[in-house]
Amino acid sequence: MQTWKTSAIAVAAIVGMTSVASAQEREQIRIVGSSTVYPFASYVVEEFGATTEFPTPVIESTGSGGGLRLFCEGVGVSTPDISNASRRMKPSEFDRCQENGVEEITEAKIGSDGIVMAQSVDNEPVALTREQILLAVAAQVPQDGELVDNPYDNWNQIDSSLPDREIEILGPPTTSGTRDAFEELVMEAASESAGYPEAYSDVRADGAYVDSGENDNLIVQRIRENTDAFGIFGYSFLEENSDTIEAATIDGVEPTPESISEGEYPVARSLWFYIKKAHEGVVPGIDEYVSLFMDDLMIGSDGLLRDIGLIVLPEGERSEWQERVANRVNLQRSDLE
């Protein structure tokens, strides 16, 4: 029995060394994840490539869920070093990481963002409630004490104060952190007031809600082309395209940096990235990239990322996260519960 244990330990050590050696074969940092975090991370990537001796990292917009799935596949050259997310890692994702040998993870919180319902500036301004949005996107709605297939084709069928326009909502796919946050902060939050017996987040599949992929710029483009449509995406894309699109108010609050950071805007969420500690010191430049991203130069109150739409954290909270990341505090499952 002792011989078997010794052999098993030896095999495990060889596998671990092979994984690390595989990671060492890659010279470029590989980053995946959220389409919402993508513009901010891309800015840091370009700055990192231009101002350091390291190769410019490779970054992909895969959605938060898709990125964390790739991140948690294991350790080695075929897996990413960093995953961006527009929502916090789920306990189930943490468990999958642990099962696959991604045992030490550092979590970084970089700022916050609002999810907007945007339309073409060619339309009259629209004021929406979360309940109205829920009734527009839900697969089923409550009528006469039971749930029925959503019968609403036009917005004014939900409420006569809303425009006589066909309901067409261009939104993120199920792999997106924006979709997760939208379902939680809009649909589930409004379920009780809308008459659902419990929290509800099933999205209709009859064509009124259009899964538009992870590229939020494409949603913006389609809104310009189809003035009846609304799009769901992060505030930063609204700010970048404010000459052609505008946001609806939600529950009477306009999405602004102030309303989002102060928690007044009801559809706000935090932005994150996750670092695979087993790849640090193996794939060149990870420590330097993380340090640049977390520096006040990027995420501070006068940081460069604020200029492209990042809602910065309050100073005390920002300092706390900068310290946690600098010390590479290990993420614990209890942090996510």
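Residues numbered from 1 in each chain as written. Predicted model: local features only at pLDDT ≥ 70, side-chain atom pairs only at ≥ 80, totals over all residues. Heavy atoms only, no water.

(A) Focus on the overall build of the chain. When its secondary structure is counted, the chain shows 13 helices and 13 strands. The C-alpha radius of gyration of the chain comes to 22 Å, within 12% of the 20 Å expected for a compact globule of 337 residues. The long-range share in the chain, meaning contacts at least 24 apart out of those at least 6 apart in sequence, stands at 74%. Of the roughly 14800 Å² that the chain leaves accessible, carbon and sulfur atoms contribute 46%. Averaging the locations of the 23 positively and 61 negatively charged side chains of the chain gives two centres separated by 7 Å. (Helix = DSSP H or I, 4+ residues; strand = E, 2+ residues; numbered from the N terminus. Rg over C-alpha atoms; globule rule 2.2 N^0.38 Å. Contact = heavy atoms within 4.5 Å. Areas by Shrake-Rupley, 256 points an atom, 1.4 Å probe, with all protein chains shown as cover. Lys, Arg positive; Asp, Glu negative; His and termini not counted. Charge placed at Lys NZ, Arg CZ, Asp CG, Glu CD.)

(B) Highlighting the layout of surface pockets. Counted as a void, the largest pocket has a volume near 290 Å³. Breaking the lining of the largest pocket down by element, the ones donating at least two residues are helix 7 (177-194) and strand 13 (268-276). Broken down by element, the residue count for the lining of the largest pocket peaks at 6 residues, all from helix 7. Here the residues of the lining of the largest pocket are counted per class, giving 7 nonpolar, 2 polar and 8 charged. Both of domain 1 (30-112 + 270-335) and domain 2 (114-262) provide at least three residues apiece to the lining of the largest pocket. (1 Å grid on protein atoms, 1.4 Å probe; cavity = no way out; pocket = protein on both sides within 12 Å on 5 of 7 lines; lining within 4 Å. Points joined across faces, edges and corners; volume = space filled by probe spheres on them. Nonpolar A, V, L, I, M, F, W, Y, C, P; charged D, E, K, R; others polar. Domains from an automatic or database assignment.)

(C) Just the state of the cysteines, in detail. With the rule as written, the count across this model stands at 1 disulfide. What pairs with Cys-72 in a disulfide is Cys-97, and their sulfur atoms sit 2.0 Å apart. Residues Cys-72 and Cys-97 share a disulfide whose torsion about the S-S bond is about -75°; that sign makes it left-handed. On the criterion of sequence distance, the pair formed by Cys-72 in the loop between helix 3 (64-71) and strand 3 (82-85) and Cys-97 in helix 4 (residues 91-99) is long-range, its members being 25 residues apart. The residues Cys-72 and Cys-97 share a single accessibility class, namely buried. (Disulfide = S-S within 2.5 Å. Buried < 20%, exposed > 50% of the residue type's maximum accessible area, 1.4 Å probe, protein only.)

(D) Main features of the environment of Leu-162. Topologically, Leu-162 is positioned in the loop between helix 6 (155-158) and strand 8 (169-171). The sequence separation of Leu-162 and Ala-127 amounts to 35 residues, and the corresponding C-alpha distance is 8.0 Å. For Leu-162, the residues in contact, after removing those within four places along its chain, are Ala-127, Leu-128, Gln-132, Trp-155 and Asn-156.

(E) Looking closely at unusual backbone geometry. Of note in this structure, Asp-144 is not a glycine but carries a positive phi near 50°. Its location among the elements puts Asp-144 in the loop between strand 6 (140-143) and strand 7 (146-149). Positive phi is not limited to glycine here, since Arg-328 has a value of about 50°. Counting through the fold element by element, Arg-328 comes out in the segment after helix 13 (315-326).

(F) A look at the packing of aromatic side chains. Per the counting criterion, the structure on display carries 8 aromatic pairs. Ring geometry for Phe-233 and Phe-237: centres 6.5 Å apart, planes at 70°, overall edge-to-face. Among the residues examined, Phe-237 registers a relative accessible area of 4% and is labelled buried. Three or more aromatic residues joined by ring pairs make a cluster, and in this case those are Phe-48, Phe-54, Phe-273, Tyr-289 and Phe-293. Positioned above the aromatic ring of Phe-71 is the side chain of Lys-276, whose terminal nitrogen or guanidinium carbon lies 4.9 Å from the ring centre. (Phe/Tyr/Trp six-rings, centres within 6.5 Å; stacked < 30°, edge-to-face > 60°. Lys NZ or Arg CZ within 6 Å of the ring centre and 35° of its normal.)

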